[in-house]
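Below, each chain spelled out in residue letters.
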Amino acid sequence: MRIARFSIDGNVAFGAVEGDKPDELVLDIIKGIPFADFELSGTKVPLSKVRLLPPVLPNKVVAFGRNYAEHARELGNEVPDAPFAFFKPSTAVIGPGDAIQYPSFTEDLQHEAELAVVIGRMCREVPRERVADVVFGYTCALDVTARDVQRREKQWARAKGFDTSCPLGPWVETDLSLQAAKDLTIQLTVNGEQRQLGRTSEMIHSIEDLIVNISEAMTLLPGDVILTGTPAGVGPLHVGDEVAVTIEGIGTLTNKVVKRG
């Protein structure tokens, strides 16, 4: 099931996305929230009539860096022996179609396409064999990075945590198995030109590794998001660019870069 969060006539709701053709997609509005038992209302709205929002509002976004060997090497970094985590605040999250605001404090904004894992239940110290039980689903993510700031400041709070630096969407795919999520194509284009192309099978540390690692340290809550790293091919973004992340079996997340007002 594809679960979207959307607004229509000033109201916000969740819905199940139905249909196969982009111009014929509809939302069956969900009664309640998708992290608990819910029912489909049977009230359907054309997707073209709503504004898609970030599919979840995470309490925290836990991101893992240098989890693809070729990406680590392209930036001149060592491949880490253990998962390497950092955080993005909830204020970094935007949805499909929302503008990425080019910060005034950087001159080198870059794209990083990522598979995002959405947590479905409160959990801590998750054993490897139970990881699938705590995963709600998967969505597309863009880890927008101020590369010059990242290099200069060493720690990454400003470089990767600024407002609009974490587009998510277009929806959460809940029918992908954990095994299937381990071998999906990730593609990123800028203005229609392919920049990144890889597979989740290239991850150094698996989805299980990442969730076991971070849940040893902290409680994960429903709606929290785990970013799993980016394949090689990261590069610059400029004001006016349209950037799209497409992940096999999930969909396409598209955003445009604008000058911060």
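One can find the structure itself at the top, above this paragraph.
First things first, this report covers the structure right here in the doc. Everything quoted here is computed from the prediction, not taken from an experiment.

### So, the side chain of Ser215
So, point 1. Tracing the backbone shows Ser215 in helix α6 (residues 207-215).
So, point 2. Among the polar contacts made by the side chain of Ser215, one reaches the main-chain carbonyl oxygen of Ile211 at a distance of 2.8 Å.
So, point 3. A distance of 3.4 Å separates the side chain of Ser215 from the backbone oxygen of Val212, its partner in a polar contact.

### What about the nonpolar core?
So, point 1. Residues Leu115, Tyr138, Ile207, Ile211 and Ile226 are the most contacted members of the largest nonpolar core, which totals 46 residues.
So, point 2. With five residues, the single largest contributor to this core is α6.
So, point 3. Contacts of Ile207, omitting those with residues within four sequence positions, involve Leu115, Val117, Tyr138, Leu178, Ala181 and Thr228.
So, point 4. Counting 19 residues, the second largest nonpolar core, distinct from the first, contains Phe14, Val61, Phe86 and Val172.

### Quick notes on α6
So, point 1. The element α6 is largely enclosed, with a buried count of seven among its nine residues.
So, point 2. Buried within α6 are the following residues: Ile207, Glu208, Leu210, Ile211, Val212, Ile214 and Ser215.

### Some words on the sheet that holds strand β16 (residues 193-199)
So, point 1. Read from one edge to the other, the open sheet built from five strands follows the order β9-β20-β19-β15-β16, with strand pairing classed as mixed. In the strand order of this sheet, the two ends are held by β9 (99-102) and β16, each with one partner. Neighbour to neighbour, the strand axes of the sheet diverge by 20° on average, direction disregarded.

### A word on unusual backbone geometry
So, point 1. Note that the residue after Gly169, namely Pro170, is joined by a cis bond; omega there is 0°.
So, point 2. The residue Pro170 is located in strand β14 (residues 166-173) in this model.
So, point 3. You will see that Asp9, though not glycine, has its phi angle at about 55°, which is positive.

### Observations regarding the sheet that holds strand β10 (residues 109-111)
So, point 1. Here three strands make up an open sheet; going across it, the order is β13-β10-β18 and the pairing antiparallel. The outermost strands of the open sheet, each flanked by one partner alone, are β13 (145-146) and β18 (235-236).

### Regarding the pairing of strand β1 (residues 2-8)
So, point 1. Counting buried positions along β1 yields six of seven residues, so the element is predominantly enclosed.
So, point 2. In terms of strand pairing, β1 meets β14 through two bridges, oriented antiparallel. Within β14, the position partnered with Arg2 by the bridge is Glu173.
So, point 3. Bridge analysis of β1 against strand β2 (residues 11-18) gives seven bridges, and the strand direction is antiparallel. Residue Arg2 lies in a different strand from β2, and its bridge partner there is Val17.

### Side note on the packing of aromatic side chains
So, point 1. Here the structure, examined in full by the defined rule, presents four aromatic pairs.
So, point 2. Between Phe35 and Phe136, the aromatic rings sit 4.9 Å apart at their centres with planes inclined by 55°, giving tilted as the arrangement. In this pair, Phe35 sits in the loop between β3 (26-31) and β4 (39-46) while Phe136 sits in strand β12 (residues 135-142), placing the two residues 101 residues apart along the sequence.
So, point 3. Residue classification places Phe35 among the partly exposed residues on the basis of a relative accessible area of 25%.
So, point 4. Note on Phe136: relative accessible area 15%, which makes it buried.
So, point 5. Joined through ring pairs, the aromatic side chains of Phe84, Phe86 and Trp156 make up one cluster.
So, point 6. Cation over ring: Arg2 sits above Trp171, and NZ or CZ is 5.5 Å from the ring centre.

### Things to note about the pattern of salt bridges
So, point 1. One pass over the structure, following the stated rule, counts 15 salt bridges.
So, point 2. The shortest N-O distance in the salt bridge between Arg73 and Glu70 comes to 2.9 Å. Of the two residues, Arg73 and Glu70 both sit in helix α1 (residues 69-74), three residues apart, roughly one turn of that helix.
So, point 3. Note that Glu112 is salt-bridged to Arg147, the shortest N-O span being 2.8 Å. Note that Glu112 is positioned in the loop between β10 and β11 (113-119) and Arg147 in helix α3 (residues 147-153), a separation of 35 residues in sequence. Neither Glu112 nor Arg147 differs from the other in exposure class; each is buried.
So, point 4. Here the salt bridges do not stand alone but share partners, grouping Lys88, Glu112, Asp143, Arg147 and Lys160 into one network.

Rules of the game
Residues numbered from 1 in each chain as written. Predicted model: local features only at pLDDT ≥ 70, side-chain atom pairs only at ≥ 80, totals over all residues. Heavy atoms only, no water. Helix = DSSP H or I, 4+ residues; strand = E, 2+ residues; numbered from the N terminus. Polar contact = N/O pair within 3.5 Å; in protein donor to acceptor, adjacent residues only side chain to side chain. Core = buried A, V, L, I, M, F, W, Y, C linked by side-chain atoms within 4.5 Å. Buried < 20%, exposed > 50% of the residue type's maximum accessible area, 1.4 Å probe, protein only. Contact = heavy atoms within 4.5 Å. Pairing = 2+ DSSP bridges. Axes fitted to C-alpha atoms, helices over the stretch in contact; angles between N-to-C directions. Phe/Tyr/Trp six-rings, centres within 6.5 Å; stacked < 30°, edge-to-face > 60°. Lys NZ or Arg CZ within 6 Å of the ring centre and 35° of its normal. Salt bridge = Lys/Arg side-chain N within 4 Å of Asp/Glu carboxyl O.

So yeah, pure geometry; function would need other evidence.
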